[in-house]
Amino acid sequence: MAYSEQVIDHYENPRNVGKMDEADAQVGTGMVGAPACGDVMRLQIKVSEEGVIEDAKFKTYGCGSAIASSSLVTEWMKGMTLDEAGEIRNSNISEELALPPVKIHCSVLAEDAIKAAIDDYKSKQ
Amino acid sequence: MKLPLYLDYSSTTPVDPRVAKLMCDCLTQEGNFGNPASRSHLYGWQAEEAVETARRQVADLVNADPREIVWTSGATESNNLAIKGIAHFYQKKGKHIITSKIEHKAVLDTARQLEREGFEVTYLDPDTDGLISPAMVKDAMREDTILVSLMHVNNEIGVVTDLAAIGEVTRAAKVFFHVDAAQSPGKVAIDLEAMKVDLMSFSAHKVYGPKGIGALYVRRKPRVRLEAQMHGGGHERGMRSGTLPTHQIVGMGAAFAIAKEEMAEENERILALRQRLWDGVSDMEEVYLNGSIDQRVAGNANISFNYVEGESLLMSLRELAVSSGSACTSASLEPSYVLRALGMNDELAHSSIRFSIGRFTTPEDVDQAIAQVRKAVTKLRELSPLWDMYKDGVDLNSVQWAAH
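Rules and cut-offs
Per chain, the residues get numbers from 1 upward, laid out in the order the sequence is written. As they are written, the chains are lettered A onward and the ligands numbered 1 onward, keeping that order. Predicted model: local features are reported for residues with pLDDT of at least 70 only, side-chain atom pairs are reported and counted for 80 or more only, and whole-chain, interface and lining totals are derived from all residues. Each helix is a run of H or I in the DSSP string that is no shorter than four residues. Each strand is a run of E no shorter than two, and both are numbered from the N terminus. Restricting the calculation to C-alpha atoms gives the radius of gyration, and the globule rule supplies 2.2 Å times the number of residues raised to the power 0.38. Neighbour density around each residue's C-beta defines its exposure: 20 or more other C-beta atoms within 10 Å make it buried, 12 or fewer make it exposed, and counts between make it partly exposed, where C-beta atoms are placed from the backbone. Should DSSP find at least two bridges between two strands, the strands are regarded as paired. Note on method: axes are straight lines fitted to C-alpha atoms, helices fitted across the in-contact stretch only, with angles between N-to-C directions ranging 0 to 180 degrees. By definition, any crossing whose near helix is turned counterclockwise from its far helix by less than a right angle is left-handed, and any crossing with a clockwise turn is right-handed. The contact criterion used is a C-beta to C-beta distance within 7 Å, with each C-beta placed from the backbone. The residue classification treats Ala, Val, Leu, Ile, Met, Phe, Trp, Tyr, Cys and Pro as nonpolar and Asp, Glu, Lys and Arg as charged. All others, Gly included, are polar. Helix span is expected to be 1.5 Å times the residue number reduced by one. Buried Ala, Val, Leu, Ile, Met, Phe, Trp, Tyr and Cys residues form a nonpolar core when they are connected through C-beta atoms within 7 Å.

Asker: How do you make sense of the overall build of chain A when you look at a structure like this?
Answerer: If you tally the helices and strands in chain A, you get five helices and three strands. Listing the helices and strands of chain A from first to last along the sequence gives α-β-β-β-α-α-α-α. For chain A, whose C-alpha radius of gyration is 14 Å, the value lies close to the compact-globule estimate of 14 Å for 125 residues. Along the three orthogonal principal directions, the C-alpha set of chain A runs to about 45 × 30 × 20 Å. Of all 125 residues assigned to chain A, the portion counted as buried reaches 48%.

Next comes the structure, spelled out in structure tokens:
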């Protein structure tokens, strides 16, 4: 199947791959998906005192579109406030990456990961 | 080296150039273009002779009588003709059929259709090696069982069914035994004189012949009768009507003749290549060969690279033409039903790649594949949260996943 240039770019040069300390109070971790479904995303954000996302990291087990979706959102989230990040919708992601209909679930998963990371951070405060 | 490297011979094979030459001679005005059913002139007689030569070539590879070979459009049609043909002809004797969960869709969907028509079907679970044993077949037999349909060689994992032993069980119970042998000619010896198989489906394009042609073996003694599925001019003794495609049939015959001649040597060479591939990747952590290692055709290596998802792996392996057991591309998100039937967990099934090696594969091709696979798996594991967890000693089964 044909992948869009944007998906290939993120897949070949994924941004912000990595892992932060889950125990750090400044770090929010969102892990979504399931191995049985073929994709698992772990998205982490580091939030400043002012409520701005200073850093974002991800690791994803899944198809190229899932990897690209999570890579893209880490780029977007850096510098955003929590409220701004919470407004990222899966449609923004799928549009930016030109995902075909069968891959829309990858962008939905990325949106879920953002929400889960924000919730985790908030629960620690 | 032609890119992408073709390592998908279980899917289809290129036509052997020797076969293609003979096929081309049966097309144009100068060639053998006649209708094999034309009885009134030389063109028809010549075409008929070519068709009968091919019939003998196919029969010779499997030690059958040429009169037991019926031409079809391929293994899918052969499977349909055998299973529906038996079911419809013998339904007064009983309406129970036995098959397995790892059959090709051409068998499974045919069985489903018969269920809609009121037949009952038992789908056997293979063991963890992917094998169906004679005991499993025997245990599933009922008074009203009329047919057992099993594949000879599995298309995904390449394991080989013990037809001789299962044939003893079916014959003793006077139940017909159909075998989908799309994947086995030229790879495993077939002796229909010795084995108690009643019907066997063949395809040309898996054996370096053309697509669009296949055959069904229908045993004469003891006699097997079928209800035709394709009606018309009464070709192939009424079992399958339709003008015979001389060039396709000549191609299948030639391909089977070459297979008979060269299979021993070829399988030895291919087995060495598969071993080279396996040796080249199996020293990485968490790499598994799926299906029986011993009861397996030489060319198939179905390998799971744990914690790496199959479709993303394929994306990294764009210079290799291989196939994946992950079905992330389909809407269902279900991984291969064959691997699941082996009792394999979903992660491993999603992480599988089928490499199939064939006549034109070289050691250099295999080395190239190994290098690319190692690079891709290493890269994707760096990206994989599951790999992190595995490295941290987390048992993935203990994690509460949110299925989506």
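Asker: Is there a simple way to explain the sheet that holds strand β4 (residues 120-124) of chain B in this structure?
Answerer: Two pairing modes exist for strands in a sheet, parallel and antiparallel, and in both the strands are linked by backbone hydrogen bonds. Residues and elements named next belong to chain B. The seven strands lie next to each other as β2-β8-β7-β6-β5-β3-β4, forming an open sheet whose pairing is mixed. A single partner strand is all that each edge strand has here, and the edge strands are β2 (69-72) and β4. Each strand of the sheet is rotated relative to its neighbour by a mean of 20°, with strand direction disregarded. Bridge count for strand β6 (residues 176-180) against strand β7 (residues 199-203) is three bridges, and the pairing is parallel.

Asker: Looking at this structure, how should I read the packing of helix α2 (residues 42-61) of chain B against helix α7 (residues 246-281) of chain B?
Answerer: A pair of packed helices is characterised by two quantities: the angle between their axes and the separation of those axes. Residue and element names in this part refer to chain B. Here α2 crosses α7 at 35°, and the two axes come no closer than 8 Å. In terms of crossing hand, the pair formed by α2 and α7 is left-handed. Across the interface between the two elements, Ala47, Ala50, Val51, Thr53, Ala54, Gln57, Val58, Asp60 and Leu61 of α2 pack against Thr246, Ile249, Val250, Met252, Gly253, Ala254, Phe256, Ala257, Ala259 and Lys260 of α7. Looking at side-chain class alone, the contact of α2 with α7 contains 13 nonpolar, four polar and two charged residues.

Asker: Explain α2(B) here, please?
Answerer: Since the α-helix packs 3.6 residues into each turn, any two residues three or four apart lie on the same face. Residue and element names in this part refer to chain B. An ideal rise of 1.5 Å per residue puts 28 Å on 20 residues; α2 measures up with 29 Å between its terminal C-alpha atoms. Those residues of α2 not exposed but buried are Ala47, Ala50, Val51, Ala54, Arg55, Gln57, Val58, Ala59 and Leu61. Where α2 is buried, its residues meet β2, β7, β8 (214-218) and α7. Just downstream of α2 lies Asn63, where phi reads positive at about 50°.

Asker: Help me understand the sheet that holds strand β9 (residues 287-289) of chain B in this model?
Answerer: All names here are of chain B. The four strands lie next to each other as β9-β10-β13-β12, forming an open sheet whose pairing is antiparallel. Pairing within the sheet leaves two strands with one partner each, and these edge strands are β9 and β12 (323-324). When β12 meets strand β13 (residues 352-356), the two strands line up antiparallel, connected through two bridges. By the bridge assignment, Ser324 is partnered in β13 with Ile353. Contacts between α7 and the sheet are confined to β9, β10 (300-305) and β13, with β10 contributing the most and set at about 10° to the helix.

Asker: When you look at the interface of chain A and chain B in this model, what are you seeing that I'm missing?
Answerer: Interfaces are often described in size by the accessible area the parts lose on coming together. In this assembly, 25 residues from chain A lie in contact with 25 residues from chain B. Only β1 (27-34), β2 (39-47), β3 (53-61) and α2 (64-77) of chain A provide two or more residues apiece to the side of chain A that touches chain B. If you tally residues by element for the side of chain A that touches chain B, the top one is β1(A), at four residues. When the residues that make up the side of chain A that touches chain B are grouped by side-chain class, the tally is 16 nonpolar, five polar and four charged.

Asker: Would you take a moment to explain the pairing of β13(B) for this structure?
Answerer: It is a general feature of regular strands that their side chains alternate between the two faces of the sheet. All names here are of chain B. The buried fraction of β13 amounts to five of the five residues, a majority that puts the element mostly inside the structure. Residues of β13 alternate between two faces, with Ser352, Arg354 and Ser356 on one and Ile353 and Phe355 on the opposite face, all of them buried. Bridging between β10 and β13 involves five bridges; their strand directions are antiparallel. Each bridged residue has a counterpart across the sheet, and for Ala301 the counterpart in β13 is Phe355.

Asker: When you look at the nonpolar core in this model, what are you seeing that I'm missing?
Answerer: Across soluble globular proteins, nonpolar side chains have a tendency to be buried as a group. The biggest cluster of nonpolar side chains holds 151 residues, and the ones touching the most others in it are Met41(A), Ile114(A), Val58(B), Leu147(B), Tyr217(B), Ala255(B) and Phe355(B). The greatest single-element share of this core, amounting to twelve residues, is contributed by α7(B). Among residues more than four places away in sequence, those in contact with Ile114(A) are Gly30(A), Leu43(A), Val73(A), Met77(A), Ala85(A) and Ile88(A).

Geometric descriptors of this kind do not, in isolation, establish any biological role.
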